[in-house]
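# Coordinate inspection notes
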Amino acid sequence: MSKHQAVLKADAAAVFEPLRRIAEQNGFAVEHSKTRMVIDAPLGLVVMEKTGTETTVAFDAPSRAELQMLKELYAQRFDNLGFADGIVWNAPRASTPLNQVICKVSSCAQISPNFARVRLHGEFTAFAAKTAGLHFRFLFGPKGAAWPTLDEHGLTCWPQGVSNWHRPPYTVRKLGKDANWMDVDIVLHEGGRVTEWSKTVKAGDEIALTGPSGSKMPTDQNLDLFGDETALPVILRIIEDAHVDISGHATIAVRDRMDIQHVSDAGNFKIKWIDMTEPDALVRDLRDSLKTRPEQSVFFAAERRQADAARQLLKDASHPAASYRAASYWTKAT
């Protein structure tokens, strides 16, 4: 576990209540008394204790990357609640954000009509952990900007301001055995910043990313996976890395049949490829699966309207909330 601490120059009564409300609204477990509160968040534990007229805060996360994200998240919450000017952070031991990796491109090639694959070389040990998130964010900064660093509080300092950085989320398609390289599949679309980058990037070019983050490898034994081309990398990663005891079905929508990727070892999964131009096909297949396989855990990721329809369908079917995730990976322009 990785830890970090801070002291808020505010009484516990003023700190505990608003943060407890936020945590419980997000579905996090909270234990609290007048002098101590523990929030069990997906990124780790936040332990707050009353010390006289001040409140000490300790962050405890399974990895350095999660620690950095947890600290940044609560720094923003403290700021929103008006506590920012009264925080004393313990001095960081590092100069680079704990969730940041600077790596180099070793190759980039178009592998199908609508996909390019980039191979990155770097130190990706954090991504190899069994509990690591499956995703990360590329960092594209303003022209001439240096990579982010840590300030004196251990928070990320974004040259020229965070709003000037493009940080699109992507999935680790494949990770090298020694975690010294990763493959990333990029969905190509006209005008996309990463699409344009993939057309000009050369072997040896430097790029930074933050992660691992996002959803983790499912552990449920029976899975139904649904997604369009934007979810293809994560669905195939789940299938290829699934434990031998896990089985299920996957429905993937693509624009072009040539975008179908061969899976060398699908294990106990059955994969169905459908046409992405049929906007209702994914939701229709989900509806059918709920009738024939109601016990399955469900992962659904696609355009926002489809994700909303899938979420509503799952709620209407009284599918257990803990047994599904419906995510919006992009929004269609209106």
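Refer to the structure printed above.
A brief look at the structure comes next. (Residues numbered from 1 in each chain as written. Predicted model: local features only at pLDDT ≥ 70, side-chain atom pairs only at ≥ 80, totals over all residues. Heavy atoms only, no water.)

Each pocket or cavity is described by its volume, and for the largest pocket that value is around 1500 Å³. Taken together, 50 residues form the lining of the largest pocket, with R137, R167, P168, P169 and Y170 sitting closest to its centre. Mapped by element, the contributors of at least two residues to the lining of the largest pocket are α2 (64-80), β6 (87-89), β9 (133-139), β12 (169-171), β14 (181-187), α3 (193-200), β15 (206-216) and β20 (324-330). Per element, the largest residue contribution to the lining of the largest pocket is 7 residues, and it comes from α2. For the lining of the largest pocket, the residue count by class is 21 nonpolar, 19 polar and 10 charged. Counted as a void, the second largest pocket has a volume near 630 Å³. Every residue lining the second largest pocket is counted, 20 residues in all, and those nearest its centre are S215, K216, A322, Y324 and R325. Of all the secondary structure elements, the ones that give two or more residues to the lining of the second largest pocket are β15, β16 (222-227), α4 (232-241), β19 (297-303) and β20. For the lining of the second largest pocket, the class distribution of residues is 12 nonpolar, 4 polar and 4 charged. (1 Å grid on protein atoms, 1.4 Å probe; cavity = no way out; pocket = protein on both sides within 12 Å on 5 of 7 lines; lining within 4 Å. Points joined across faces, edges and corners; volume = space filled by probe spheres on them. Helix = DSSP H or I, 4+ residues; strand = E, 2+ residues; numbered from the N terminus. Nonpolar A, V, L, I, M, F, W, Y, C, P; charged D, E, K, R; others polar.)

This part covers the pattern of salt bridges. A complete count under the given rule lists 22 salt bridges for this structure. Note that D185 and R173 form a salt bridge whose closest N and O atoms lie 3.6 Å from each other. Of this pair, D185 sits in strand β14 while R173 sits in the loop between β12 and β13 (174-175); the two residues are 12 residues apart in sequence, bridging distant segments of the chain. Here D185 falls in the buried class, since its relative accessible area comes to 2%. R305 is the salt-bridge partner of E303, the closest N and O atoms lying 2.8 Å from each other. Residue classification places R305 among the partly exposed residues on the basis of a relative accessible area of 36%. One continuous salt-bridge network, built from bridges that share partners, spans R117, R173, K174, D185 and E240. (Salt bridge = Lys/Arg side-chain N within 4 Å of Asp/Glu carboxyl O. Buried < 20%, exposed > 50% of the residue type's maximum accessible area, 1.4 Å probe, protein only.)

Our next topic: the sheet that holds strand β18 (residues 268-275). The strand order across the open sheet built from 5 strands is β18-β17-β16-β19-β20, with neighbouring strands paired in parallel fashion. Both edges of this open sheet fall to β18 and β20, since each of them pairs with a single strand only. Averaged over all neighbouring strand pairs, the angle between strand axes comes to 10°, with direction disregarded. As defined by bridge partners, β16 adjoins strand β17 (residues 247-254) across 6 bridges and the pair is classed as parallel. Note on β17: the bridge partner recorded for N222 is S247. Here helix α6 (residues 304-316) sits on the sheet and contacts β19 and β20; the angle it forms with β20, its principal contact strand, is near 165°. (Pairing = 2+ DSSP bridges. Axes fitted to C-alpha atoms, helices over the stretch in contact; angles between N-to-C directions. Contact = heavy atoms within 4.5 Å.)

Okay, helix α1 (residues 12-25) next. The end-to-end C-alpha distance of α1 is 20 Å, a good match for the 20 Å that 14 residues give at a rise of 1.5 Å each. Taken together, the buried positions of α1 are A12, V15, F16, P18, L19, R20 and A23. Capping of α1 at its N-terminal end is provided by D11; its side-chain oxygen lies 3.1 Å from the backbone amide nitrogen of A13. Following α1 by one or two positions, G27 adopts a phi angle in the positive range, close to 85°. (Expected span 1.5 Å × (residues − 1). Polar contact = N/O pair within 3.5 Å; in protein donor to acceptor, adjacent residues only side chain to side chain.)

Where helix α5 (residues 281-292) meets α6, the axes come as close as 10 Å, and the angle between the chain directions of the two elements is 15°. When the axis of α5 is compared with that of α6, the two are roughly parallel. Considering only the axes of α5 and α6, their crossing is right-handed. Across the interface between the two elements, L282, V283, L286, R287 and L290 from α5 touch Q306, A309, A310, L313 and L314 from α6. Its residues placed into classes, the contact of α5 with α6 shows 8 nonpolar, 1 polar and 1 charged. (Parallel < 35°, antiparallel > 145°, perpendicular 65-115°, else oblique. Left-handed = near helix turned anticlockwise from the far one by under 90°.)

Here we take up the state of the cysteines. With the rule as written, the count across this model stands at 0 disulfides. Looking at C103, it has no disulfide partner, and the nearest cysteine sulfur is the one in C108, 13 Å off. For C103, a relative accessible area of 1% corresponds to the buried category. (Disulfide = S-S within 2.5 Å.)

Throughout the structure, instances matching the rule amount to 1 cavity of 30 Å³ or more. Its volume calculated, the largest cavity comes out at about 30 Å³. What lines the largest cavity is simply D228, A253, I274, D275, M276, E278, A281, L282 and Q306. For the lining of the largest cavity, the secondary-structure elements that each account for two or more residues are β18 and α5.

Both faces of the sheet carry side chains from a regular strand, because those side chains alternate between them. Of all 8 residues that make up β17, 6 are buried, and the element is covered over most of its length. In this fold, the crossover linking β16 to β17 by way of α4 has right-handed handedness. Direction of pairing for β17 relative to β18: parallel, over a ladder of 8 bridges. Note on β18: the bridge partner recorded for S247 is N268. (Right-handed = clockwise from strand over helix to strand, strands pointing away.)

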